[in-house]
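# Structural overview for review
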Amino acid sequence: MESQFSVEHVIKTLKEDLPTLFEKDISYQIYTQDIYFKDPVNTFKYKFNYRIIFWTLRFHARLFFTQIYFDVHEVYQSAEDTILAKWTVRGVLRVPWKAGLLFNGYSTYKFNQDNLIYEHIDTWDRKPGEILRQFWQRG
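First, a word on scope: everything that follows refers to the structure included in this document. (Residues numbered from 1 in each chain as written. Predicted model: local features only at pLDDT ≥ 70, side-chain atom pairs only at ≥ 80, totals over all residues. Heavy atoms only, no water.)

### Concerning the pattern of salt bridges
- This model, assessed by the stated rule, comprises six salt bridges.
- Taking the shortest distance from any N to any O, the salt bridge between Asp-71 and Arg-90 comes out at 2.4 Å. Here Asp-71 is found in strand β3 (residues 65-79), whereas its partner Arg-90 is found in strand β4 (residues 82-93), with 19 residues between them in sequence.
- When its relative accessible area of 35% is taken as the criterion, Arg-90 is described as partly exposed.
- Where Lys-110 meets Asp-81, a salt bridge forms, and the shortest distance between an N and an O atom there is 3.7 Å. Placement of the pair is Lys-110 in strand β5 (residues 100-111) and Asp-81 in the loop between β3 and β4, with a sequence separation of 29 residues.
- For Lys-110, a relative accessible area of 24% corresponds to the partly exposed category. (Salt bridge = Lys/Arg side-chain N within 4 Å of Asp/Glu carboxyl O. Helix = DSSP H or I, 4+ residues; strand = E, 2+ residues; numbered from the N terminus. Buried < 20%, exposed > 50% of the residue type's maximum accessible area, 1.4 Å probe, protein only.)

Laid out in C-alpha cells, this is it:
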C-alpha cells in the first residue's frame, strides 16, 4: 500500500499526538504494520503490540497519577530518514506524600520511502530504577 504521507504530515501528526498520549490514543496510520519499538524496559514488534503499549501507558497514568504530562519540546527531521522528538514526562503520584515523577527523553523515529515509521526507539535521561525511586520521595 502506498503512503499518501509527507514527512511534514508525519511530524505534524507526532506534534499533535504526543502531548496528549496519556489522555487519548494516538494515530496509528503513520506507522508500518511491523513497527519496531524499544525503550529501556520494553522491546517488541508489530502495530498490535504498539497499540497495547499506548493503552497500557494511559491505563497506568490514570491508575497511578493524579497529574501526568508529556511535554513535547521539539519534533524535527534530524536526518534523511529520521525524526527526533524531545520530551519530558512529569507527574504527581497518587500517594499520600504526592511524590513527583520527572524525567527527560527523546524518541528516534525511522521512516521508510513511503514516509511510514518502522522504528521507534526511546532514550531516557536516567535508568528505570532511578525513575522508580522518585516514587518514594516526598513531593
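What follows continues from the structure just given.
### Digging into the packing of aromatic side chains
- By the definition in use, this model includes 13 aromatic pairs.
- Aromatic pair Tyr-28 and Phe-54: ring centres 6.5 Å apart, planes at 70°, arrangement edge-to-face. You can see Tyr-28 sitting in the loop between α1 (7-17) and β1 (31-38) and its partner Phe-54 sitting in helix α2 (residues 47-64), a full 26 residues away along the chain.
- Residue Tyr-28 is classed as buried on the basis of its relative accessible area, which comes to 5%.
- For Phe-54, a relative accessible area of 4% puts it in the buried group.
- Of the aromatic side chains, those joined through ring pairs into one cluster are Tyr-28, Tyr-31, Phe-37, Phe-44, Tyr-50 and Phe-54. (Phe/Tyr/Trp six-rings, centres within 6.5 Å; stacked < 30°, edge-to-face > 60°.)

### Considerations on the environment of Ile-30
- By secondary structure assignment, the location of Ile-30 is in the loop between α1 and β1.
- Taking the C-alpha atoms as reference points, Ile-30 and Gln-77, 47 residues apart in sequence, are found 15 Å from one another.
- Not counting the four nearest positions on each side in its chain, Ile-30 is found in contact with Phe-5, His-9, Val-10, Thr-13, Leu-14, Asn-115, Leu-116 and Ile-117. (Contact = heavy atoms within 4.5 Å.)

### Examining the pairing of β4
- Taken across its twelve residues, β4 has nine buried, putting it largely inside the fold.
- Bridge count between β3 and β4: twelve bridges; the pairing is antiparallel. Each residue of the ladder has a partner; that of Phe-70, found in β4, is Val-89.
- Hairpin connection between β3 and β4: a loop of two residues separates the two successive antiparallel strands.
- Pairing analysis gives eleven bridges linking β4 to β5, with the strands arranged antiparallel. Bridge pairing links Leu-84 to Thr-108 in β5.
- Between β4 and β5, which pair antiparallel and follow one another directly, the connecting turn spans six residues, one of which, Lys-98, has a positive phi of 50°. (Pairing = 2+ DSSP bridges.)

Everything listed is a geometric property; what it means functionally is a separate question.
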